[in-house]
Every structure is written in C-alpha cells, then in structure tokens.
Amino acid sequence: VQLQASGGGLVQAGGSLRLSCTTSERTFSTFSSFGMGWFRQAPGKEREFVAGISWSGDRTNYADSVKGRFTISRDDAENTVYLQMNSLKPEDTAVYYCAVDRDLGVGGDNWYEYDYWGQGTLVTVSS
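The text that follows walks through the structure, step by step, so that each part is easy to find.

**What about the pattern of salt bridges?**
- The final tally for this structure, using the stated rule, is seven salt bridges.
- In this structure, Asp115 engages Arg102 in a salt bridge whose closest nitrogen and oxygen atoms are separated by 3.8 Å. Of the two residues, Asp115 sits in the loop between β9 (94–101) and β10 (116–117) while Arg102 sits in the loop between β9 and β10, which places them 13 residues apart along the sequence.
- Overlapping salt bridges bring together Arg40, Glu48, Arg69 and Asp92 as one network.

**Here's the deal with the pairing of strand β7 (residues 70–75)**
- Alternating residues of β7 divide into Phe70, Ile72 and Arg74, all buried, and Thr71, Ser73 and Asp75, none buried.
- In this structure, β7 lies alongside strand β8 (residues 80–85), joined through six bridges in antiparallel fashion. Paired with Asp75 across the strands is Thr80, a residue of β8.
- Hairpin geometry of β7 and β8 is characterised by an intervening segment of four residues between the two adjacent antiparallel strands and by a positive phi of about 50° at Asn79.

**What about the pairing of β8?**
- Counting buried residues in β8 gives five out of six residues, a clear majority hidden from the surface.
- Pairing of strand β3 (residues 17–23) with β8 involves six bridges; the strand directions are antiparallel. Bridge pairing links Cys21 to Val81 in β8.

**Some details on the sheet that holds β7**
- Ordered in space as β1-β3-β8-β7, the four strands form an open sheet in which the pairing is antiparallel. At either margin of the open sheet sits one strand with a lone partner, and together these are β1 (3–6) and β7. Shown here is a sheet whose adjacent strand axes are inclined to one another by a mean of 15°, direction ignored.

**Thoughts on the packing of aromatic side chains**
- Counted according to the given criterion, the structure contains five aromatic pairs.
- Seen in terms of ring centroids, Phe39 and Phe49 are 5.5 Å apart; in terms of plane orientation they differ by 75°. Their pairing is edge-to-face. Here Phe49 lies in strand β5 (residues 48–53) and Phe39 lies in strand β4 (residues 35–41), a separation of 10 residues in the sequence.
- On the basis of relative accessible area, Phe39 is assigned to the buried category, the value being 2%.
- The class of Phe49 is buried, set by a relative accessible area of 11%.
- Grouped by ring-pair contacts, the aromatic residues Phe39, Phe49, Tyr114 and Trp117 constitute a single cluster.

What counts and how
- Residues numbered from 1 in each chain as written.
- Predicted model: local features only at pLDDT ≥ 70, side-chain atom pairs only at ≥ 80, totals over all residues.
- Heavy atoms only, no water.
- Salt bridge = Lys/Arg side-chain N within 4 Å of Asp/Glu carboxyl O.
- Helix = DSSP H or I, 4+ residues; strand = E, 2+ residues; numbered from the N terminus.
- Buried < 20%, exposed > 50% of the residue type's maximum accessible area, 1.4 Å probe, protein only.
- Pairing = 2+ DSSP bridges.
- Axes fitted to C-alpha atoms, helices over the stretch in contact; angles between N-to-C directions.
- Phe/Tyr/Trp six-rings, centres within 6.5 Å; stacked < 30°, edge-to-face > 60°.

Here it is in structure tokens:
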C-alpha cells in the first residue's frame, strides 16, 4: 500500500500551500472508486479531520475550521488528490495525512472509515 503525500513546508500566516497525495497505480488501479480524505495532527493533539471528497468528486466536506480557506480536489487520471490551503493560520500547523476510503467511497469525517494512510507531510505556519 503506497500513498505519497507532498507539498508541506514553512509558510507565513496568510500564505498558501498545495498538498498532493499520489497513489501507486499498481496498488490502486481503481483509484476513481475511492473516497479520499485529509487529516492532520498537531503536536500534543488528537488527529482531526480536515477535508474529504467522494469517489465521484461531486461531494466534498470540510472541518469548520478550514471552510472557505481549504479546497480538496482530485485528478483520477493522475491518481492524485490535492488540498489547496489558503489564508493559512498558525493553528493550521500540523502533520497532514491523506487517506483512502476504500469501502464507503464518501470521504467522510471519521478516521475509522479510512483504510489506508500516507506517511504525512509537515505544514508549519509562522505568525
């Protein structure tokens, strides 16, 4: 199982980053049937849902804390899901993880609905 997240880094408050999560085609030849999600975990805090997208791409959902600032999207031809993060705040600092919702395909907000997880990419927002 291979999920590769990238795009993290250091950015000033108010800035933007775009995270990418790519799956191996050999591993997920049916990527287009999976829901996808992004979660994050800040130091000393619980993992929390950030955004999810359904297998068809027509349904997305977001944590209240990122609504209007973050956008999740997918490119099935590239087996990739993106998280565009704008107007970043210091409280967005965390390790961001992408995950595959293989069975439900809805990209929901519960971590236990996800079957595979990437290794995480660190986002640091300075004030």
